[in-house]
Amino acid sequence: MPQLDHSATVARIVTEHPVAARVFQKHGIDYCCHGNVTVPEACLEGRLDPEALFAELQAALAADDARPEENPRALSTAALIARIIDRHHGYLRQALPYIAPIMAKVAKVHGPRNANLQHLHDAFRDLASSLGPHLDEEEEVLFPALMARQPDARLVEREVERMYEDHLAVGDLLARIRAFTGGFTTPEWGCSTYRVLMGELDALEADILRHVHLENHVLAPRFGALATRAA
Ligand SMILES: [Fe+2]
Ligand SMILES: [Fe+2]
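Please read all numbers here as calculations on a predicted model, not as lab measurements.

Details of unusual backbone geometry
- Phi at Phe184 is positive, roughly 65°, even though this residue is not glycine.
- By secondary structure assignment, the location of Phe184 is in the loop between helix H7 (153–180) and helix H8 (192–219).
- Assessed through the 18 C-beta atoms surrounding it within 10 Å, Phe184 is described here as partly exposed.

Section: the environment of His213
- Tracing the chain through its elements places His213 in helix H8.
- For His213, a count of 25 C-beta atoms within 10 Å puts it in the buried group.
- Between the alpha carbons of His213 and Tyr31 there is a distance of 7.2 Å; along the sequence they are 182 residues apart.
- Once residues within four sequence positions are removed from consideration, His213 is found in contact with Val14, Ala21, Tyr31 and Cys32.

Considerations on the nonpolar core
- Within the largest apolar cluster, 39 residues are counted, with the highest numbers of intra-cluster contacts made by Val10, Val14, Ala20, Phe24, Tyr31, Val170 and Ile177.
- At the level of elements, helix H1 (10–16), helix H2 (20–26), helix H3 (39–46), helix H4 (50–65), helix H5 (77–110), helix H6 (116–147), H7 and H8 are the ones that each hand at least two residues to this core.
- Those residues in contact with Tyr31 that sit more than four places away from it in its chain are Val10, Ala11, Val14, Ala21, Phe24, Leu209 and His213.
- Ile81, Phe143, Ala145 and Ala220 belong to the second-largest nonpolar core, a separate cluster that totals 13 residues.

Concerning the domain arrangement of the protein chain
- Considered domain by domain, the protein chain is made up of domain 1 (10–65) and domain 2 (75–228).
- With centres defined by C-alpha atoms, the gap from domain 1 to domain 2 works out at 20 Å.
- Between domain 1 and domain 2, the contact holds 12 residues from the first and 15 residues from the second.
- Contributing elements (two or more residues each) for the side of domain 1 that touches domain 2: H1 and H2.
- When residues of the side of domain 1 that touches domain 2 are assigned to their parent elements, the largest contribution, three residues, is made by H1.
- Of the residues belonging to the side of domain 1 that touches domain 2, the class tally is six nonpolar, five polar and one charged.

Cut-offs used in this document
- For every chain, the first residue of the written sequence is number 1, and numbering continues from 1 along that sequence.
- By the order in which they are written, chains take letters starting at A while ligands take numbers starting at 1.
- Reporting of local features is limited, given that this is a predicted model, to residues whose pLDDT is at least 70; pairs of side-chain atoms are given and counted only at 80 or more, and all residues count toward the totals for whole chains, interfaces and linings.
- Secondary structure counts use DSSP, requiring at least four H or I residues in a row for a helix and at least two E residues in a row for a strand, with both numbered from the N terminus.
- Our exposure labels follow a C-beta count within 10 Å of each residue's own C-beta, placed from the backbone: buried means 20 or more other C-beta atoms, exposed means 12 or fewer, and partly exposed covers the counts in between.
- Each residue gets a C-beta atom placed from its backbone, and two residues are in contact if those atoms lie within 7 Å.
- Under the definition applied here, buried Ala, Val, Leu, Ile, Met, Phe, Trp, Tyr and Cys residues are grouped into a nonpolar core through C-beta atoms within 7 Å.
- Domain start and stop positions are those given by an automatic or database domain assignment.
- Residues were grouped as follows: Ala, Val, Leu, Ile, Met, Phe, Trp, Tyr, Cys and Pro as nonpolar; Asp, Glu, Lys and Arg as charged; and all remaining residues, including Gly, as polar.

Structural data, given as structure tokens:
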């Protein structure tokens, strides 16, 4: 059975054991943009018990042992980029326009009862409006620069730096969304649309975290010392 390195950062744990991503997300640990901390350090911030979290991670690894999740580190750069575009950019381009009217409806109907819903709506709009140009920039500039036969070091450096900055802003918005929803919970009085919204936001967070992890910790480190900064 695979063993966890207890001194590894949470980003490194997910890079080596992709199944760990689910456990970290469940506990609100951002393993992407703030993944450069150990499990005990992450637990301090979230007031979690590190021994219990290690046990949960080990159980997830054991359950994954029979049919392990494919590790994206094994993919070529071209295949990794194709996967990011097909799976994660494709998902966002469908999910964001799908969630937007549900979000607007819940904020309008239930806003008077829960003031956080207006803040949630604002954070969701900020997230959606920043992700659109971010995906385009990656597809039109960054990814072609990385795939070039002879990558232009200056262009790669600039675009990777820009990518990290965008991801930090996205990570902050995700943290706000999680906080405004109390960890994606539906109150007792919440209607079925409210419940659907919480499920969609939970899935959105999970997908973005995996997506950003692939870009920050699997793709970018392939392109030199600069790109390893956030790994
Ligand atoms: Fe992306
Ligand atoms: Fe990105």
